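# Architecture and fold: a report
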Amino acid sequence: MNVTETKALLLYTAEKMVDSEPMLTELDLKIGDGDHGLGMQRGFAAVRDLLKGDTYQPKDVGDLFLTAGTKMMSSMGGASGAIFGTLFRAGGKAISGQDTFNAAVLSQFLVAGSAGVFARGGAKPGDKTMMDALVAAEKQSLLVQNESLENALLSVTKAAEEGAENTRNQVAVFGRAKSLGERSLGYVDPGAVSMSLILKYMAEFVTH
(Lines give C-alpha, C1' and ligand atoms only; values in the text may rest on other atoms or scores of the structure.)
Protein backbone atom coordinates (compact mmCIF):
# COMPACT_ATOMS: atom_id res chain seq x y z
CA MET A 1 0.00 0.00 0.00
CA ASN A 2 1.28 3.46 -0.83
CA VAL A 3 1.09 6.42 1.56
CA THR A 4 -2.34 7.57 0.31
CA GLU A 5 -3.79 4.08 0.69
CA THR A 6 -2.28 3.73 4.15
CA LYS A 7 -3.84 7.05 5.13
CA ALA A 8 -7.24 5.66 4.03
CA LEU A 9 -6.54 2.49 6.04
CA LEU A 10 -5.83 4.50 9.19
CA LEU A 11 -8.88 6.71 8.63
CA TYR A 12 -11.10 3.61 8.35
CA THR A 13 -9.50 2.14 11.50
CA ALA A 14 -10.01 5.41 13.41
CA GLU A 15 -13.69 5.61 12.41
CA LYS A 16 -14.30 2.01 13.49
CA MET A 17 -12.49 2.58 16.81
CA VAL A 18 -14.73 5.59 17.49
CA ASP A 19 -17.76 3.32 16.87
CA SER A 20 -16.37 0.69 19.29
CA GLU A 21 -16.73 3.00 22.30
CA PRO A 22 -19.91 1.42 23.79
CA MET A 23 -18.40 -2.06 23.75
CA LEU A 24 -15.08 -0.92 25.24
CA THR A 25 -16.87 1.12 27.90
CA GLU A 26 -18.94 -1.90 28.89
CA LEU A 27 -15.80 -4.05 29.21
CA ASP A 28 -14.06 -1.40 31.29
CA LEU A 29 -17.01 -0.94 33.63
CA LYS A 30 -16.50 -4.55 34.72
CA ILE A 31 -12.87 -4.24 35.84
CA GLY A 32 -11.79 -0.63 35.31
CA ASP A 33 -13.16 2.82 35.93
CA GLY A 34 -15.29 2.81 32.79
CA ASP A 35 -13.39 5.51 30.91
CA HIS A 36 -11.31 3.37 28.53
CA GLY A 37 -13.89 3.45 25.74
CA LEU A 38 -14.31 7.23 25.94
CA GLY A 39 -10.55 7.72 25.95
CA MET A 40 -10.13 5.56 22.84
CA GLN A 41 -13.06 7.35 21.21
CA ARG A 42 -11.49 10.76 21.89
CA GLY A 43 -8.08 9.70 20.63
CA PHE A 44 -9.30 8.09 17.45
CA ALA A 45 -11.77 10.90 16.76
CA ALA A 46 -8.76 13.26 16.79
CA VAL A 47 -6.94 10.94 14.37
CA ARG A 48 -10.04 10.71 12.17
CA ASP A 49 -10.37 14.50 12.02
CA LEU A 50 -6.68 14.84 11.15
CA LEU A 51 -6.89 12.32 8.30
CA LYS A 52 -10.28 13.36 6.92
CA GLY A 53 -9.25 16.55 5.19
CA ASP A 54 -6.49 17.24 2.70
CA THR A 55 -4.67 19.62 5.02
CA TYR A 56 -2.37 16.93 6.37
CA GLN A 57 -0.28 15.22 3.71
CA PRO A 58 2.03 12.65 5.33
CA LYS A 59 5.64 12.58 4.10
CA ASP A 60 5.75 8.79 4.35
CA VAL A 61 4.13 5.87 6.18
CA GLY A 62 6.22 6.46 9.30
CA ASP A 63 5.16 10.11 9.48
CA LEU A 64 1.52 9.01 9.22
CA PHE A 65 1.70 6.67 12.23
CA LEU A 66 3.91 9.03 14.25
CA THR A 67 1.54 11.98 13.71
CA ALA A 68 -1.47 9.80 14.59
CA GLY A 69 0.30 8.78 17.82
CA THR A 70 1.00 12.40 18.71
CA LYS A 71 -2.68 13.23 18.17
CA MET A 72 -3.71 10.35 20.46
CA MET A 73 -1.34 11.45 23.21
CA SER A 74 -2.61 15.01 23.19
CA SER A 75 -6.31 14.12 23.07
CA MET A 76 -6.89 10.88 24.98
CA GLY A 77 -5.42 11.58 28.37
CA GLY A 78 -4.94 8.90 31.02
CA ALA A 79 -2.90 5.74 30.74
CA SER A 80 -4.48 4.73 27.43
CA GLY A 81 -3.37 7.94 25.73
CA ALA A 82 0.19 7.45 26.89
CA ILE A 83 0.27 3.78 25.93
CA PHE A 84 -1.51 3.79 22.56
CA GLY A 85 0.15 7.10 21.69
CA THR A 86 3.53 5.53 22.46
CA LEU A 87 2.69 2.48 20.33
CA PHE A 88 1.97 4.64 17.28
CA ARG A 89 4.82 7.08 17.90
CA ALA A 90 7.53 4.49 18.59
CA GLY A 91 6.26 2.29 15.75
CA GLY A 92 6.05 5.29 13.42
CA LYS A 93 9.63 6.38 14.17
CA ALA A 94 10.87 2.88 13.35
CA ILE A 95 9.28 2.94 9.89
CA SER A 96 10.25 6.52 9.08
CA GLY A 97 11.08 6.96 5.40
CA GLN A 98 8.99 3.98 4.25
CA ASP A 99 6.80 4.75 1.24
CA THR A 100 5.01 1.39 1.32
CA PHE A 101 3.01 -0.30 4.06
CA ASN A 102 3.53 -4.05 3.67
CA ALA A 103 3.85 -7.09 5.95
CA ALA A 104 7.52 -6.38 6.74
CA VAL A 105 6.77 -2.75 7.65
CA LEU A 106 3.79 -3.87 9.76
CA SER A 107 6.14 -6.16 11.67
CA GLN A 108 8.72 -3.38 12.19
CA PHE A 109 5.93 -1.13 13.47
CA LEU A 110 4.66 -3.71 15.97
CA VAL A 111 8.13 -4.72 17.22
CA ALA A 112 9.22 -1.12 17.82
CA GLY A 113 5.81 -0.10 19.18
CA SER A 114 5.85 -3.00 21.62
CA ALA A 115 9.36 -2.09 22.82
CA GLY A 116 8.24 1.53 23.26
CA VAL A 117 5.19 0.58 25.31
CA PHE A 118 7.23 -1.82 27.46
CA ALA A 119 9.84 0.88 28.11
CA ARG A 120 7.09 3.29 29.13
CA GLY A 121 4.91 1.08 31.31
CA GLY A 122 6.86 -2.06 32.11
CA ALA A 123 3.92 -4.41 31.56
CA LYS A 124 4.61 -7.78 29.98
CA PRO A 125 2.42 -10.61 28.67
CA GLY A 126 0.54 -12.23 31.53
CA ASP A 127 -0.05 -8.92 33.34
CA LYS A 128 -3.55 -8.51 31.86
CA THR A 129 -2.88 -5.42 29.75
CA MET A 130 -2.86 -4.47 26.06
CA MET A 131 0.64 -6.04 25.96
CA ASP A 132 -0.99 -9.49 25.97
CA ALA A 133 -2.50 -8.71 22.58
CA LEU A 134 0.39 -6.59 21.29
CA VAL A 135 3.19 -9.07 22.02
CA ALA A 136 1.16 -11.93 20.53
CA ALA A 137 0.67 -9.80 17.40
CA GLU A 138 4.33 -8.78 17.30
CA LYS A 139 5.55 -12.40 17.49
CA GLN A 140 3.14 -13.51 14.79
CA SER A 141 4.12 -10.59 12.55
CA LEU A 142 7.72 -11.83 12.47
CA LEU A 143 6.53 -15.20 11.15
CA VAL A 144 4.47 -13.68 8.33
CA GLN A 145 6.56 -10.68 7.31
CA ASN A 146 7.24 -12.13 3.86
CA GLU A 147 3.57 -12.78 3.10
CA SER A 148 1.03 -10.41 1.55
CA LEU A 149 -0.19 -7.56 3.77
CA GLU A 150 -3.68 -9.09 3.65
CA ASN A 151 -2.50 -12.49 4.96
CA ALA A 152 -0.19 -10.89 7.50
CA LEU A 153 -2.92 -8.67 8.96
CA LEU A 154 -5.42 -11.54 9.20
CA SER A 155 -2.83 -13.73 10.90
CA VAL A 156 -1.64 -10.99 13.28
CA THR A 157 -5.25 -10.06 14.17
CA LYS A 158 -6.01 -13.68 15.08
CA ALA A 159 -2.95 -13.77 17.37
CA ALA A 160 -3.94 -10.47 19.02
CA GLU A 161 -7.51 -11.68 19.57
CA GLU A 162 -6.22 -14.86 21.21
CA GLY A 163 -3.88 -12.75 23.36
CA ALA A 164 -6.80 -10.54 24.43
CA GLU A 165 -9.00 -13.56 25.16
CA ASN A 166 -6.22 -15.04 27.33
CA THR A 167 -6.47 -12.03 29.67
CA ARG A 168 -9.77 -13.51 30.86
CA ASN A 169 -7.77 -16.07 32.88
CA GLN A 170 -5.30 -13.58 34.35
CA VAL A 171 -5.22 -11.54 37.53
CA ALA A 172 -4.52 -7.87 36.84
CA VAL A 173 -1.28 -6.35 38.16
CA PHE A 174 -1.65 -2.90 36.57
CA GLY A 175 -4.21 -0.13 36.59
CA ARG A 176 -7.55 0.05 38.34
CA ALA A 177 -8.23 -3.67 37.84
CA LYS A 178 -5.18 -4.42 40.02
CA SER A 179 -7.16 -3.51 43.14
CA LEU A 180 -9.74 -6.16 42.24
CA GLY A 181 -7.14 -8.93 42.48
CA GLU A 182 -8.79 -12.32 41.94
CA ARG A 183 -12.09 -10.60 41.10
CA SER A 184 -10.55 -9.44 37.82
CA LEU A 185 -10.56 -13.10 36.72
CA GLY A 186 -13.15 -14.00 34.12
CA TYR A 187 -13.03 -10.61 32.39
CA VAL A 188 -10.99 -9.63 29.37
CA ASP A 189 -8.74 -6.58 29.56
CA PRO A 190 -10.28 -3.65 27.60
CA GLY A 191 -6.86 -2.40 26.47
CA ALA A 192 -6.00 -5.80 25.02
CA VAL A 193 -9.35 -5.83 23.22
CA SER A 194 -8.65 -2.33 21.84
CA MET A 195 -5.26 -3.52 20.57
CA SER A 196 -6.86 -6.48 18.78
CA LEU A 197 -9.60 -4.25 17.32
CA ILE A 198 -7.07 -1.82 15.79
CA LEU A 199 -5.50 -4.72 13.89
CA LYS A 200 -8.88 -6.24 13.06
CA TYR A 201 -10.09 -3.02 11.43
CA MET A 202 -6.83 -2.69 9.47
CA ALA A 203 -7.34 -6.26 8.23
CA GLU A 204 -10.97 -5.49 7.35
CA PHE A 205 -9.92 -2.51 5.25
CA VAL A 206 -7.30 -4.50 3.36
CA THR A 207 -9.53 -7.52 2.71
CA HIS A 208 -12.55 -5.59 1.48
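The paragraphs below set out a description of the structure included in this document. Keep in mind the model is a prediction, meaning the values are calculated, not measured. (Residues numbered from 1 in each chain as written. Predicted model: local features only at pLDDT ≥ 70, side-chain atom pairs only at ≥ 80, totals over all residues. Heavy atoms only, no water.)

## Some details on unusual backbone geometry
What counts, and what does not: For helices the rule is a DSSP run of H or I covering at least 4 residues; for strands it is a run of E covering at least 2, with both sets numbered from the N terminus onward.
Residues other than glycine seldom take positive phi values, yet K128 does so here, at roughly 65 degrees. On the secondary structure map, K128 appears in the loop between helix 6 (103-121) and helix 7 (130-143).

## Topic: the packing of aromatic side chains
The test is simple: Classification of ring pairs rests on two measures: the distance between centres of Phe, Tyr or Trp rings, Trp counted by its six-membered ring, which must be within 6.5 Å, and the angle between planes, read as stacked under 30 degrees, edge-to-face over 60 and tilted in between. Accessibility here uses a 1.4 Å probe with only protein chains present; expressed as a share of the type maximum, an area under 20% marks a residue as buried, one over 50% as exposed, and anything in between as partly exposed.
Taken as a whole and judged by the stated rule, the model has six aromatic pairs. Taking 5.8 Å as the distance between ring centres and 25 degrees as the angle between the ring planes, the aromatic pair formed by F65 and F88 counts as stacked. With F65 in helix 4 (residues 61-76) and F88 in helix 5 (residues 78-94), the pair connects residues that are 23 residues apart, well separated along the chain. Across the pair, F88 and F65 agree in class, each one buried. Their ring planes at 40 degrees and their centres at 5.4 Å tell us that F65 and F101 sit as a pair that is tilted. You can see F65 sitting in helix 4 and its partner F101 sitting in the loop between helix 5 and helix 6, a full 36 residues away along the chain. Take F65: its relative accessible area is 0%, and that puts it in the buried class. On the basis of relative accessible area, F101 is assigned to the buried category, the value being 1%. Aromatic ring contacts, followed pair by pair, group F44, F65, F88, F101 and F109 into a single cluster.

## What about the packing of helix 7 against helix 8 (residues 149-166)?
Spelled out, the test is: A fitted line through C-alpha atoms serves as each axis, taken over the contacting stretch for helices, and the angle formed by two N-to-C directions is quoted from 0 to 180°. Comment on the angle field: the value is read as roughly parallel under 35 degrees, roughly antiparallel over 145, roughly perpendicular from 65 to 115, and oblique elsewhere. Helix crossings fall into two classes, left-handed where the near helix is turned counterclockwise from the far one by less than a right angle and right-handed where it is turned clockwise. Contact definition: two residues touch when any of their heavy atoms are within 4.5 Å. Asp, Glu, Lys and Arg are counted as charged, while Ala, Val, Leu, Ile, Met, Phe, Trp, Tyr, Cys and Pro are counted as nonpolar; the rest, among them Gly, fall into the polar class.
For the pair helix 7 and helix 8, interaxial distance at closest approach is 7 Å and the crossing angle is 150 degrees. It follows that helix 7 is roughly antiparallel to helix 8 by the angle criterion. When you trace helix 7 past helix 8, the crossing you get is right-handed. From helix 7, D132, A133, A136, A137, Q140 and S141 reach across to helix 8, where they touch S155, V156, A159, A160, G163 and A164. Tallied by class, residues from the contact of helix 7 with helix 8 come to seven nonpolar, four polar and one charged.

## Regarding the pattern of salt bridges
Once their charged atoms are close, side chains differing in charge can pair, the charge on each being opposite to the other. The cut-off we apply is this: Each salt bridge in this description consists of a side-chain nitrogen of Lys or Arg and a carboxyl oxygen of Asp or Glu lying within 4 Å of one another.
Under the criterion given, the structure shown has eight salt bridges. Notably, a salt bridge pairs D127 with K124, separated by 3.6 Å at the nearest N-O pair.

## Quick look at the side chain of E138
The condition is simple: Counting rule applied: Lys, Arg positive; Asp, Glu negative; His and chain ends not counted. Contacts described as polar in this section are N or O atom pairs within 3.5 Å, which, within protein, must combine one atom able to donate a hydrogen with one able to accept it, while residues neighboring in sequence count only if both atoms come from side chains.
Among the secondary structure elements, E138 is positioned in helix 7. There is no salt bridge for the buried E138, and the closest opposite charge comes from K139, which lies 7.3 Å off by N-O distance. Polar side-chain contacts of E138 include one of 2.8 Å to the side chain of S114. Contacts of E138, omitting those with residues within four sequence positions, involve L110, V111 and S114.

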